[in-house]
Amino acid sequence: MILKRELYQRHGYIKGLFIILFIHLRRIFHYFLGSYGPLHRFFNEKKVEVNEKYRGMLALTVKESGELQCNSCNLCQTYCPADCIHIVPGKKTETPEAFEIEILRCVFCGLCEEACPIDAIRHTPEMPRTGHAEQDWLVGIKELAYRKSLNGGKGLLSKVHLKTKRPLEKNFKNISPEA
Amino acid sequence: MTGPQDFIQQEEDFLLEKLVMTTKASGLIDWLKRWGQSNSLWTLPFGSSCCALEFILLGASQKKLDDMGCDIVRHSPERSDLMIIAGTITEKQAPILKSVYDKMLSPKWVLAMGSCASSGGLYRTYSVVQGASREVPVDVYIPGCPPTSDAVIEGLKLIKERILKGAKKTPVIKKKPPLNL
Amino acid sequence: MANEFFQKLKNYFGNQFSELRPHELVVKSSLESLSDHLKFLKNDCQFVLLLDICGVDNKERDFSKRFEVNYHFLNLEKHLRIRVKVFLDETERLPSVVSLWKGAEWFERELWDMFGVSFEDGPRERLLNHHEFQGHPLRKDFDIENRQKLSTPVNLAPESYKKLKGPPPESYWLNIGPSHPITKGSLRIMVELEGEKIKDALLEVGYLHRGFEKLCEGLKYNQIIPHTDRLNYCSAALNNIGWCKAIEDLMDLEIPERAKALRMVFGELSRVVDHFISIGSMAEDLGAPTGLWFFLEQREKICRLFEKYCGARVSLSLTRIGGMSQDLPIGWANECLNVVKSLKKSLEDVSKMFSQLPWWMDKTRVCAITAKDALAWGFTGPCLRACGINYDLRKVNPYYFYDDVEFEIPLGSNGDVYDRYLVRSEEIKQSLKIVTQVLDYLPPGPHIVEDERIALPEKSLVHKRGEAFNQHNDLIKYGVRPPVGEIYSATEGANGELGFYVQSIGEETPYRVKVRPPCFPIFQAYPEVVKGSSLSDAYATLTSMNIIPGELDR
């Protein structure tokens, strides 16, 4: 569609001035009437509106006994596009000995949460905390699973109940290259 | 979920006292100087990519920056105290970052916003500098991609604390030690 | 009509011509006859627009010659794309096509920079890497973490700039350097001024070159989706859709109807966000910062909608190969319709604040470009439609449900800055119209295809540790594997035609990925558009072109 011809006609200066004044006065009038939302929203900024689905800081979930849910299957490590997860599997048990995330490299994309098959790692709506440059920016198990904001230090309970300590299914199916 | 928790607050006080080298204010004039510097920071946004968009949003809603006293945004290094690096730094851009930092008059502070400016982020490639700390000494890091406006406000509060306690600069990091795993 | 055209091409090329898919033709050529073939295509067959020149290094495949160069052209009347392939060795030289298509210069410089392909009429300079860089990054034997520091500081008048015109003291050089509020931190323009008038301009790009194409050769197809978010960071959903559509067309996969409709909704909302930011920064750079704040407030409403769906405001990663990452939450569609209604009301104010007003029109009726020049440089998108050419991929080659919804394409008449602003502000209204139509008739069904080799199974089934658990593990460890082949697929991005050229060898990672950025040819034409005007007009032209460095430099 060709744009209307009148859009190319130039108003005079006085007419333009009155148009803009009128628009702004009308906006101020509506602002006090409350058409842009309740007035206290503009003055009371202490409450931070947090959305439940926000992809914030990562958290490792725990079982009912308090141990970590994670069983070192390394799927989140293979799927991460930034290569920021480092896992050292435990020698005697399935739970990992060390689980470190370089939080400065993480882009909070959500792919590790999608890759985990037993709901061991999740995004919480809390924002990742800022800090001074001198501290150690490798986040370990203590901060990921047992920080105070997760149930007062006890950790988030996982949705999946692993009843027996079964090893991972070892016989993977082969996929042929022609899809 | 509305800010740093008690656990984190204690840890940061611990950091400021033990890890960051600070000096105590000696006398009224020294204290007045630090109080004045911390409450009127003029910022220089050095933005090159997506994080710069989120910073512009913060600057557009003037009320949040007004409370902090940082609402004067000047694009000139000779008139600013705080440089905010928002966006990826490449090898082509690195000498420009260094020369802009050198033109700023001391005392000056640097804030690295986002994961690309802090540590190279997603990009482990041939043309991206792995963190702005390899070129200029950085004071505070803000992780996120891109970080929310509230996270940036927390970072600015940390800078104010550093100024009030007289923190000394860390040297420029040339090579990060390998991870012990 | 199409049959006669194909017959003409078959008579000229013989066996080398084939039709890979509808609207995609391939011609295999050789080094000696390349110039003749290209002249025939341009003059007799009307392939007027040069889309892309892409190089490939075939060292890991057993071909006889090492390099492969693909030229992509577009015929606007018949909506056909043709690819011309040429194979050459490291010692052979390629003929230059700058005399036929003006916009080929930067593509050839990029070929030299990335691969080391040399040309017949002399050496080329580097485009994206700095001038002290050794090696050619996209060759297969170049290590990805081979970083090289730039030692000399920025040189304001390098030798290569001095060799072009301007006897002193009548003219002097002004550097609008990368750290400048107009250039948004990543572009550099050297302008030759004579008094107040601009005689010539030189551009330097590559300040945000992050190596996206080399990274893609080591990542699986689904892991590339967060990377495509950051190409055009103002409208992230359109890039995700472009990438997933390219891989789905390569696999000949049909996605469910609900996924198509959802992709349309998010794509149009992203387009609206991009136009908001573009017009807002235009207002700020021309002296009206309240315009920027107004538009950012409107953009905030849409970003909250995105957050309620996928959890992020800017870097969305909405789609997966085969559909969408998740289904709509309850109540989202109603909220979206309310937001669209409130946006329509506030947009009426905006159009009165800027259009037809004397101070805006005096600043923006400058630097026009003719339609013929625009086609010679390779423009697409709102900048081409402002010159009067009616070409939009959603109407000409409709995908998903774009031929079932009613919307119009606004066209300008002069091709200057005011027309680009008018076209963008009218496109916002048309996009909102599309969103209401699609949400009124949202089809039911699954949101992702139910094939175990492509899409992850549902989480609740995986938690029960049955068959779905094995499928989940297999897919994450071994990835999606498209068949062997190549494709060039294009969608309508916010700035123009966003194209992805993908070559796959049947493994979990692609062999070569190339992005055709829509603002690459537009920025290349900047020196010619700006000749003879004053400096403030040059600023207005730069912001109206909407150059996004993340997309330009990749």
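Quick caveat: nothing in here was measured; it's all calculated off a predicted structure.

A short note on the overall build of chain B
Phase 1 of the analysis: Helix and strand counts for chain B come out as 7 helices and 4 strands.
Phase 2 of the analysis: Going from N to C terminus, chain B has its helices and strands arranged as α-α-β-α-α-β-α-β-α-β-α.
Phase 3 of the analysis: Residues counted as buried form 55% of the 181 residues belonging to chain B.
Phase 4 of the analysis: A separation of at least 24 residues holds for 80% of the contacts in chain B among residues at least 6 apart in sequence.
Phase 5 of the analysis: Here chain B displays about 7,800 Å² of accessible surface, and carbon together with sulfur accounts for 58% of that area.

Observations concerning the pairing of strand S3 (residues 98-102) of chain A
Residue and element names in this part refer to chain A.
Phase 1 of the analysis: Of all the 5 residues making up S3, 4 are buried; the element is thus mostly covered by neighbouring parts of the structure.
Phase 2 of the analysis: One ladder, built from 4 bridges, connects strand S2 (residues 85-88) with S3; its direction is antiparallel. By the bridge assignment for S3, His-86 is matched with Glu-100.
Phase 3 of the analysis: In this structure, S3 lies alongside strand S6 (residues 138-139), joined through 2 bridges in antiparallel fashion. Paired with Ile-101 across the two strands is Val-139, which belongs to S6.

Examining helix H17 (residues 467-478) of chain C
Phase 1 of the analysis: With 12 residues, H17 of chain C ought to run about 16 Å at 1.5 Å a step, and its terminal C-alpha atoms sit 17 Å apart, in line with that.
Phase 2 of the analysis: Taken as a whole, H17 of chain C has its buried residues at Ala-468, Phe-469, Gln-471, His-472, Asn-473, Asp-474, Leu-475 and Ile-476 of chain C.
Phase 3 of the analysis: Considering only its buried residues, H17 of chain C is in contact with helix H3 (75-79) and helix H4 (111-115) of chain A together with helix H16 (459-463) of chain C.
Phase 4 of the analysis: Just beyond H17 of chain C, the residue with positive phi is Gly-479 of chain C, at close to 80°.

With respect to the interface of chain C and chain B
Phase 1 of the analysis: In this assembly, 48 residues from chain C lie in contact with 31 residues from chain B.
Phase 2 of the analysis: Counting the surface chain C buries against chain B, the share from its top three residues, Arg-147, Tyr-207 and Arg-210 of chain C, is 19%.
Phase 3 of the analysis: One can count 4 salt bridges joining chain C with chain B.
Phase 4 of the analysis: For the salt bridge of Glu-204 of chain C with Lys-92 of chain B, the shortest nitrogen-to-oxygen distance reads 3.7 Å.

Some details on the domain arrangement of chain A
Phase 1 of the analysis: Looking at chain A, the domain boundaries give domain 1 (5-43) and domain 2 (58-157).
Phase 2 of the analysis: Domain 1 of chain A and domain 2 of chain A are separated by 50 Å when their C-alpha centres are compared.

Some details on the nonpolar core
Phase 1 of the analysis: In terms of nonpolar packing, the biggest core is built from 156 residues, with Leu-94, Phe-266 and Phe-523 of chain C touching the most fellow members.
Phase 2 of the analysis: No other element matches helix H8 (residues 257-285) of chain C, which puts 14 residues into this core.
Phase 3 of the analysis: Those residues in contact with Leu-94 of chain C that lie beyond four places of it in its chain are Leu-31, Leu-34, Val-69, Tyr-71, Val-86, Leu-88, Leu-111, Val-117, Ser-118, Phe-119 and Glu-120 of chain C.
Phase 4 of the analysis: Of all hydrophobic cores here, the second largest spans 62 residues; its members include Ile-89, Ala-94, Ala-117 and Tyr-123 of chain B.

Focus: the packing of helix H1 (residues 13-33) of chain A against helix H10 (residues 332-354) of chain C
Phase 1 of the analysis: Running from amino to carboxyl end, H1 of chain A crosses H10 of chain C at an angle of 150°, the nearest separation of the two axes being 9 Å. When the interaxial angle is binned, H1 of chain A and H10 of chain C end up roughly antiparallel. In the crossing of H1 of chain A with H10 of chain C, the sense of the turn from one axis to the other is left-handed. Side by side, H1 of chain A and H10 of chain C meet where Ile-19, Ile-20, Ile-23, His-24, Arg-26 and Arg-27 of chain A of the first sit next to Asp-349, Lys-352 and Met-353 of chain C of the second.
Phase 2 of the analysis: Looking at the contact of H1 of chain A with H10 of chain C, its residues break down into 4 nonpolar, 1 polar and 4 charged.

Some points on the sheet that holds strand S1 (residues 17-21) of chain C
Residues and elements named next belong to chain C.
Phase 1 of the analysis: If you trace the 5 strands from one edge of the open sheet to the other, you get S1-S2-S5-S4-S3, paired in mixed fashion. Strands at the two margins of the open sheet, each flanked by one partner only, are S1 and strand S3 (49-57). Each strand axis lies, on average, 25° off the axis of its neighbour in the sheet, ignoring direction.
Phase 2 of the analysis: Each of strand S4 (67-75) and strand S5 (80-88) is contacted by helix H2 (residues 34-43), which is oriented at about 175° to S5, the strand it contacts most.
Phase 3 of the analysis: Docked against the sheet, helix H3 (residues 105-115) engages S3 and S4, running at close to 10° with respect to S3.

Some thoughts on the side chain of Lys-245 of chain C
Phase 1 of the analysis: Relative to the elements of secondary structure, Lys-245 of chain C occurs in helix H7 (residues 236-251).
Phase 2 of the analysis: When sequence neighbours within four positions are dropped, the list of residues in contact with Lys-245 of chain C reads Arg-263, Tyr-399, Tyr-400, Ser-489, Ala-490 and Thr-491 of chain C.

What about the packing of aromatic side chains?
Phase 1 of the analysis: Under the defined criterion, the tally for this structure stands at 36 aromatic pairs over all chains.
Phase 2 of the analysis: Ring geometry for Tyr-8 of chain A and Tyr-418 of chain C: centres 6.0 Å apart, planes at 75°, overall edge-to-face. With Tyr-8 of chain A in the segment before H1 and Tyr-418 of chain C in helix H15 (residues 417-440), the pair connects residues from two separate chains.
Phase 3 of the analysis: Looking at Tyr-8 of chain A, the relative accessible area reads 18%, which means it is buried.
Phase 4 of the analysis: Ring geometry for Trp-106 of chain C versus Phe-520 of chain C: centroids 5.4 Å apart, planes at 65°, classification edge-to-face. With Trp-106 of chain C in helix H3 and Phe-520 of chain C in helix H18 (residues 519-524), the pair connects residues that are 414 residues apart, well separated along the chain. Each member of the pair Trp-106 of chain C and Phe-520 of chain C is classed as buried.
Phase 5 of the analysis: Counting every residue linked through ring pairs, the aromatic cluster contains Tyr-8 of chain A together with Phe-354, Trp-360, Tyr-418 and Tyr-421 of chain C.
Phase 6 of the analysis: Note that Arg-61 of chain C overlies the ring of Tyr-511 of chain C, its terminal NZ or CZ placed 4.3 Å from the centroid.

With respect to the environment of Gly-485 of chain C
Phase 1 of the analysis: Mapped onto the elements, Gly-485 of chain C comes out in strand S13 (residues 485-492).
Phase 2 of the analysis: The contacts of Gly-485 of chain C, once residues within four sequence positions are left out, are Leu-250, Val-502, Gln-503 and Ser-504 of chain C.

Considerations on the interface of chain C and chain A
Phase 1 of the analysis: Taken together, the contact between chain C and chain A spans 63 residues of the former and 52 residues of the latter.
Phase 2 of the analysis: Across the chain C to chain A interface the summed buried area is about 5,400 Å²; carbon plus sulfur atoms make up 55%.
Phase 3 of the analysis: When residues of chain C are sorted by the area they lose upon contact with chain A, Gln-356, Arg-465 and Ile-476 of chain C head the list and together hold 12% of the total.
Phase 4 of the analysis: Where chain C meets chain A, there are 3 salt bridges.
Phase 5 of the analysis: Between Arg-27 of chain A and Glu-297 of chain C there is a salt bridge; the shortest N-O distance is 3.9 Å.
Phase 6 of the analysis: Linking chain C with chain A are 22 residue pairs in polar contact (both at pLDDT 80 or more), by the criterion used here.
Phase 7 of the analysis: For the side of chain C that touches chain A, the element with the highest residue contribution is H17 of chain C, accounting for 9 residues.
Phase 8 of the analysis: Looking at the side of chain C that touches chain A, its residues break down into 24 nonpolar, 17 polar and 22 charged.

Calculation criteria
- Residues numbered from 1 in each chain as written.
- Chains lettered and ligands numbered in written order.
- Predicted model: local features only at pLDDT ≥ 70, side-chain atom pairs only at ≥ 80, totals over all residues.
- Heavy atoms only, no water.
- Helix = DSSP H or I, 4+ residues; strand = E, 2+ residues; numbered from the N terminus.
- Buried < 20%, exposed > 50% of the residue type's maximum accessible area, 1.4 Å probe, protein only.
- Contact = heavy atoms within 4.5 Å.
- Areas by Shrake-Rupley, 256 points an atom, 1.4 Å probe, with all protein chains shown as cover.
- Pairing = 2+ DSSP bridges.
- Expected span 1.5 Å × (residues − 1).
- Buried area = accessible area lost by both parts, 1.4 Å probe.
- Salt bridge = Lys/Arg side-chain N within 4 Å of Asp/Glu carboxyl O.
- Domains from an automatic or database assignment.
- Core = buried A, V, L, I, M, F, W, Y, C linked by side-chain atoms within 4.5 Å.
- Axes fitted to C-alpha atoms, helices over the stretch in contact; angles between N-to-C directions.
- Parallel < 35°, antiparallel > 145°, perpendicular 65-115°, else oblique.
- Left-handed = near helix turned anticlockwise from the far one by under 90°.
- Nonpolar A, V, L, I, M, F, W, Y, C, P; charged D, E, K, R; others polar.
- Phe/Tyr/Trp six-rings, centres within 6.5 Å; stacked < 30°, edge-to-face > 60°.
- Lys NZ or Arg CZ within 6 Å of the ring centre and 35° of its normal.
- Polar contact = N/O pair within 3.5 Å; in protein donor to acceptor, adjacent residues only side chain to side chain.

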